[in-house]
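# Notes for the structure review
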Amino acid sequence: MTARVHVSLLPLLLLVLAVALPAGALRFDLHSGHTKCISDEIKVGAMAVGKYHIVAPDDGTPSLSSSSQQQQQLPDSHRISLRVTSPYGSSLHYAENVHSGNFAFTATEAGDYLACFWAPDHRPPVIVAFEFDWRSGVSARDWSTVAKKGQVETMELELRKLEDTIKSIHEEMFYLREREEEMQELNRRTNARMAWLSLLSLAICLSVAGLQLWHLKNFFERKKLL
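Residues numbered from 1 in each chain as written. Predicted model: local features only at pLDDT ≥ 70, side-chain atom pairs only at ≥ 80, totals over all residues. Heavy atoms only, no water.

Identification of the protein as GOLD domain-containing protein from Urochloa decumbens is taken from an unreviewed UniProt entry. Under the Subcellular location (unreviewed entry) heading, UniProt states for the protein: "Membrane". Quoted verbatim from the Sequence similarities (unreviewed entry) heading of the UniProt record, the comment on the protein is "Belongs to the EMP24/GP25L family." (UniProt positions renumbered as here; feature names shortened; annotations may be inferred.)

What follows covers the state of the cysteines. Scanning all chains against the criterion turns up 1 disulfide. The disulfide bridge from cysteine 37 ends at cysteine 116, spanning 2.1 Å between sulfur atoms. Given an S-S torsion of about 110°, the disulfide between cysteine 37 and cysteine 116 has right-handed geometry. Of this pair, cysteine 37 sits in strand β2 (residues 35–42) while cysteine 116 sits in strand β7 (residues 111–118), placing them 79 residues apart in sequence. Looking at cysteine 37, the relative accessible area reads 43%, which means it is partly exposed. (Disulfide = S-S within 2.5 Å. Helix = DSSP H or I, 4+ residues; strand = E, 2+ residues; numbered from the N terminus. Buried < 20%, exposed > 50% of the residue type's maximum accessible area, 1.4 Å probe, protein only.)

Pairing within the open sheet is antiparallel, and its 4 strands lie in the order β1-β8-β3-β6. Edge positions in the sheet fall to β1 (26–31) and β6 (100–106), since each has one partner strand and no second. The average angle at which neighbouring strand axes cross in this sheet is 20°, direction not considered. Two elements, β1 and strand β8 (residues 127–136), share 6 bridges in a ladder whose sense is antiparallel. In the strand pairing of β8, aspartate 29 is matched with alanine 129. (Pairing = 2+ DSSP bridges. Axes fitted to C-alpha atoms, helices over the stretch in contact; angles between N-to-C directions.)

Quick look at the packing of aromatic side chains now. Within this structure, the stated rule accounts for 11 aromatic pairs. Through pairs of rings, three or more aromatic residues link up here, namely Phe28, Tyr52, Phe103, Phe105, Tyr113, Phe117, Phe130, Phe132 and Trp134. (Phe/Tyr/Trp six-rings, centres within 6.5 Å; stacked < 30°, edge-to-face > 60°.)

Our next topic: the sheet that holds strand β4 (residues 80–85). Taken together, 4 strands build an open sheet; the order of strands is β2-β7-β4-β5 and the sheet is antiparallel. Both edges of this open sheet fall to β2 and β5 (91–98), since each of them pairs with a single strand only. Strand-to-strand twist in this sheet, taken as the mean axis angle between neighbours without regard to direction, amounts to 15°. Sheet topology places β4 next to β7; 5 bridges connect them, and they run antiparallel. Counterpart to arginine 83 in the pairing with β7 is cysteine 116.

This is the structure in structure tokens:
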């Protein structure tokens, strides 16, 4: 009985943690003349937002809301370009030689979306550090705006977050179930093809063996050994 209670409480604890601990921006180091790609699996209809900006060389922990004055102090070598593409290669966002930027889109294709950053070639080589905050689904929703517009209480806001998280997990489970059914169907087709291929290989081997026996029989008969 105790084990069943612990199992049932685990999803609720995970949901509470997902709501209470918002995702932060990630920091990356990019060598000049190189490219770094980051992927995120997004389902159809989910919203995705992203923010990025270059970290000043002397600034250890900058925020995504860097002032224009700080950006003007960055050297010319500290610029990045970005292209965001869908799973089928459609371009959703493109920026070239910028200090910062943001993008937003609603996914029309299910799969891995790519955000590829690259820095211009520079001599001597430099390392460009940048922060990237990419959120999709429930985490992409601006809850501060919801609270301000709806004038809701703190508890009600948390319940709304929890409700949207549960809906997102429910939709994700159906999406994973569809992917699993597709993989099972692919496995069935592959197994059927392998079975036919095995039968064909066996038939060819038996035919070759029969031809070899027939050839040996004729050879021995011509030599009058049989």
